[in-house]
Amino acid sequence: VLNLNNIKYLVGDEKISKFSTVPYEKNICNFLSEVSKNLFNNKAAISYPDVITFAFWCRKQNIEKYKSKFLSKDLRLGLGLTFHITPSNIPTNFAYSLIFGLITGNSNIVKVPSKEFKQIYLICDALNKVLLLKKFRNIKKMIKIVKYSTNDKFTQDISKISDARLIWGGDETINKIRSFKTKERTVDLAFADRYSFSVINSDEIMKLNQKQISDLITNFYNDTYLVDQNACSSPRLVVWFGKKIKSAREKFWKNLQKKIVNKYDMPEIASIDKFNELCKNIIEFSNIKQLERYDNYIYTVMLKNLEKDHNNIKSKWGFFYEYETNNLKKISKYINKKYQTLSYFGFKKDFFKD
């Protein structure tokens, strides 16, 4: 790890390359396959579900699937140098952003979170080991992974020479980065604050046997607790439909609690943050119908209505808002362009499409 002016190079060095290749170039696809194998063979990596998910994602079969959808008779090349400014709250996001830069034929400078995440070092270690192979020396020129906390000058300098920037973060961060000077034809792709919610059919929950409820809880846990509710697709609001809401809620949250006790290593700060958020809700909201706690693992706040704008609520660590209705029109008032994903259970997709 080099440290130049507070810039740590986790992969690569300060020499910048700006060349392009064709998308899904054969050697790049082979490189990703080798990285996947390296992570699967690393005992330390196996203990991190998000790292293994990444390893599974970049295996040869999956990359080939993406390639088959991308194939075109047109001759295409990457834009050149892509600068990735990745979010501070998802340890493995930087790796996915890098891979998309590589498979679309670009050289990449990737800024990882300044927070200490073991997952970052595990993935960078795998990248460095595979890049030692002679057959991947050209790819080595296409990857720079840097870590720094506050260094606007470095961000500005790289922005000036970038052909594209992928900016992940809150609205404030994106607006600041956009204020930095770029080339006239630099392409910016911004991934701003987004929110998601779930809709659950209580009647269908009550039909589930223990194996089925366990599978559902695992899926919900993976969407939320694996990333501390920080992912854009992590639900913050759970909308309950049907006639058996009271019993379904009890069945759902209690089974989730059991899962969390066995699987989730809750940071100490989570307890403080969640309790502070609960107090803030009590003080500021007149829209609360009911509050519940399942030990310190789950907080739920049942809302009286969705008329009020709750888009500024940023709950995490297992803090969920709830709402009861059988009227989709009431939910539609809640949705705006900040909303990304609706996850659901106990419905056919056409119900929402219609």
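None of these values were measured; they are calculated from a predicted model.

What counts and how
- Residues numbered from 1 in each chain as written.
- Predicted model: local features only at pLDDT ≥ 70, side-chain atom pairs only at ≥ 80, totals over all residues.
- Heavy atoms only, no water.
- Core = buried A, V, L, I, M, F, W, Y, C linked by side-chain atoms within 4.5 Å.
- Buried < 20%, exposed > 50% of the residue type's maximum accessible area, 1.4 Å probe, protein only.
- Helix = DSSP H or I, 4+ residues; strand = E, 2+ residues; numbered from the N terminus.
- Disulfide = S-S within 2.5 Å.
- Pairing = 2+ DSSP bridges.
- Axes fitted to C-alpha atoms, helices over the stretch in contact; angles between N-to-C directions.
- Contact = heavy atoms within 4.5 Å.
- Phe/Tyr/Trp six-rings, centres within 6.5 Å; stacked < 30°, edge-to-face > 60°.
- Lys NZ or Arg CZ within 6 Å of the ring centre and 35° of its normal.
- Right-handed = clockwise from strand over helix to strand, strands pointing away.
- Parallel < 35°, antiparallel > 145°, perpendicular 65-115°, else oblique.
- Nonpolar A, V, L, I, M, F, W, Y, C, P; charged D, E, K, R; others polar.
- Patch = residues over 30% accessible without salt bridge, like charges linked within 9 Å, V, L, I, M, F, W, Y side chains within 5 Å.
- Areas by Shrake-Rupley, 256 points an atom, 1.4 Å probe, with all protein chains shown as cover.
- Salt bridge = Lys/Arg side-chain N within 4 Å of Asp/Glu carboxyl O.

**Student:** Explanation requested: the nonpolar core in the structure shown.
**Tutor:** Nonpolar side chains in soluble globular proteins tend to be buried together. Phe31, Leu39, Phe94, Leu102, Leu127, Ile143 and Ile145 are the most contacted members of the largest nonpolar core, which has 38 residues in total. Within the residue set of this core, elements represented by two or more residues are β2 (7–11), α1 (26–40), α3 (49–57), α5 (93–103), β4 (107–112), α6 (118–131) and β5 (143–147). The element contributing the most residues to this core is α6, with eight residues. With 24 residues, the next largest nonpolar core counts Tyr221, Phe252, Ile260 and Phe320 among its residues.

**Student:** Please explain the state of the cysteines as it appears in this structure.
**Tutor:** Should the sulfur atoms of two cysteines be covalently bonded, the bond is a disulfide. For the structure on display, the rule yields zero disulfides. Among the cysteines around cysteine 58, which has no disulfide bond, cysteine 29 carries the closest sulfur, lying 11 Å off.

**Student:** Before we go on, may I ask you to explain the sheet that holds strand β13 (residues 339–345) in this structure?
**Tutor:** Neighbouring strands of a sheet are bound in pairs by backbone hydrogen bonds; such pairs are parallel or else antiparallel. Reading across from one edge, β10-β11-β12-β9-β8-β13 is the order of the six strands in this open sheet, with mixed pairing throughout. Each edge of the sheet is formed by a strand with only one pairing partner; in this case those strands are β10 (288–294) and β13. Neighbour-to-neighbour, the strand axes of this sheet turn through a mean angle of 20°, independent of strand direction. Looking at chain direction, strand β11 (residues 298–303) and strand β12 (residues 319–324) are connected through four bridges and run parallel. Directly across from valine 301, in β12, lies its bridge partner tyrosine 321. Running at roughly 150° to strand β9 (residues 235–241), helix α11 (residues 210–224) makes contact with β8 (195–201), β9, β12 and β13 of the sheet.

**Student:** Help me understand the packing of aromatic side chains in this model?
**Tutor:** Each aromatic ring pair is characterised by the separation of its centres together with the angle its planes make. Inspection of the entire model under this criterion finds 28 aromatic pairs. Plain terms: the ring middles of tryptophan 168 and phenylalanine 191 are 4.0 Å apart, the flat faces sit at 10° to each other, and that makes the pair stacked. Pair noted here: tryptophan 168 is in strand β6 (residues 164–168) and phenylalanine 191 is in strand β7 (residues 187–191), with a separation of 23 residues, a long-range link. Given a relative accessible area of 34%, phenylalanine 191 falls into the partly exposed group. Taken together, the aromatic side chains of Phe220, Tyr221, Tyr225, Trp240, Phe252, Trp253, Tyr264 and Phe320 make up a single cluster linked through ring pairs. It is arginine 59 that lies over the ring of phenylalanine 56; its NZ or CZ is 3.7 Å from the centre. Positioned over the ring face of tyrosine 66 is lysine 65, at 6.0 Å from the centre of the ring.

**Student:** Which parts of the structure should I look at to understand the pairing of β7?
**Tutor:** For a regular strand, side chains alternate in direction, first toward one face of the sheet and then toward the other. Note: β6 against β7, five bridges, orientation parallel. Bridging from a neighbouring strand, leucine 166 pairs with leucine 189 of β7. Regarding topology, helix α9 (residues 171–178) serves as the crossover connection from β6 to the parallel β7, and that connection is right-handed.

**Student:** Explanation requested: the packing of α1 against α5 in the structure shown.
**Tutor:** Two numbers describe a pair of packed helices, the interaxial angle and the distance between the axes. The geometry of α1 relative to α5 is characterised by a closest axis approach of 10 Å and an angle of 155° between their N-to-C directions. Classified by the interaxial angle, the pair formed by α1 and α5 is roughly antiparallel. For the pair α1 and α5, the contacting residues are Ile28, Phe31 and Leu32 in the first and Ile99, Leu102 and Ile103 in the second. Among the residues making up the contact of α1 with α5, the classes are represented as six nonpolar, no polar and no charged.

**Student:** Which parts of the structure should I look at to understand a nonpolar patch on the surface?
**Tutor:** Side chains of Leu79, Val187, Leu189 and Phe191 sit close together on the surface and give an oily, nonpolar patch of about 340 Å² of accessible area. Looking at where valine 187 falls in the secondary structure, it is placed in strand β7.

**Student:** Would you mind going over the pattern of salt bridges with me for this structure?
**Tutor:** Per the counting criterion, the structure on display carries 14 salt bridges. Taking the shortest distance from any N to any O, the salt bridge between lysine 129 and aspartate 125 comes out at 3.2 Å. Here aspartate 125 and lysine 129 lie together in helix α6, a separation of four residues that amounts to about one turn. Looking at lysine 129, the relative accessible area reads 43%, which means it is partly exposed. What makes aspartate 125 partly exposed here is its relative accessible area of 31%. Here arginine 165 makes a salt bridge to aspartate 188, at a shortest N to O gap of 2.7 Å. Residue arginine 165 is found in strand β6, and its partner aspartate 188 is found in strand β7; the two are separated by 23 residues along the sequence. The partly exposed category is assigned to aspartate 188, whose relative accessible area is 28%. Among the charged side chains, a network of salt bridges with common partners joins Arg249, Glu292 and Glu322.

**Student:** Would you mind showing me how to read the environment of isoleucine 260 here?
**Tutor:** Assignment of secondary structure puts isoleucine 260 in helix α12 (residues 245–263). The spatial distance from the C-alpha of isoleucine 260 to the C-alpha of isoleucine 298 is 8.9 Å, given a sequence separation of 38 residues. In contact with isoleucine 260, not counting residues within four places along its chain, are Tyr221, Tyr225, Tyr297 and Ile298.

**Student:** Explanation requested: unusual backbone geometry in the structure shown.
**Tutor:** Apart from glycine, the bulk of residues carry a negative phi angle, and the bulk of peptide bonds sit in the trans form. Notably, aspartate 228 is not glycine yet its phi reads approximately 55°, a positive angle. With respect to the helices and strands, the residue aspartate 228 is situated in the loop between α11 and β9. By relative accessible area, aspartate 228 is classed as buried at 19%. Non-glycine residue glutamine 229 carries a positive phi angle of around 65°. Tracing the sequence through the fold places glutamine 229 in the loop between α11 and β9.

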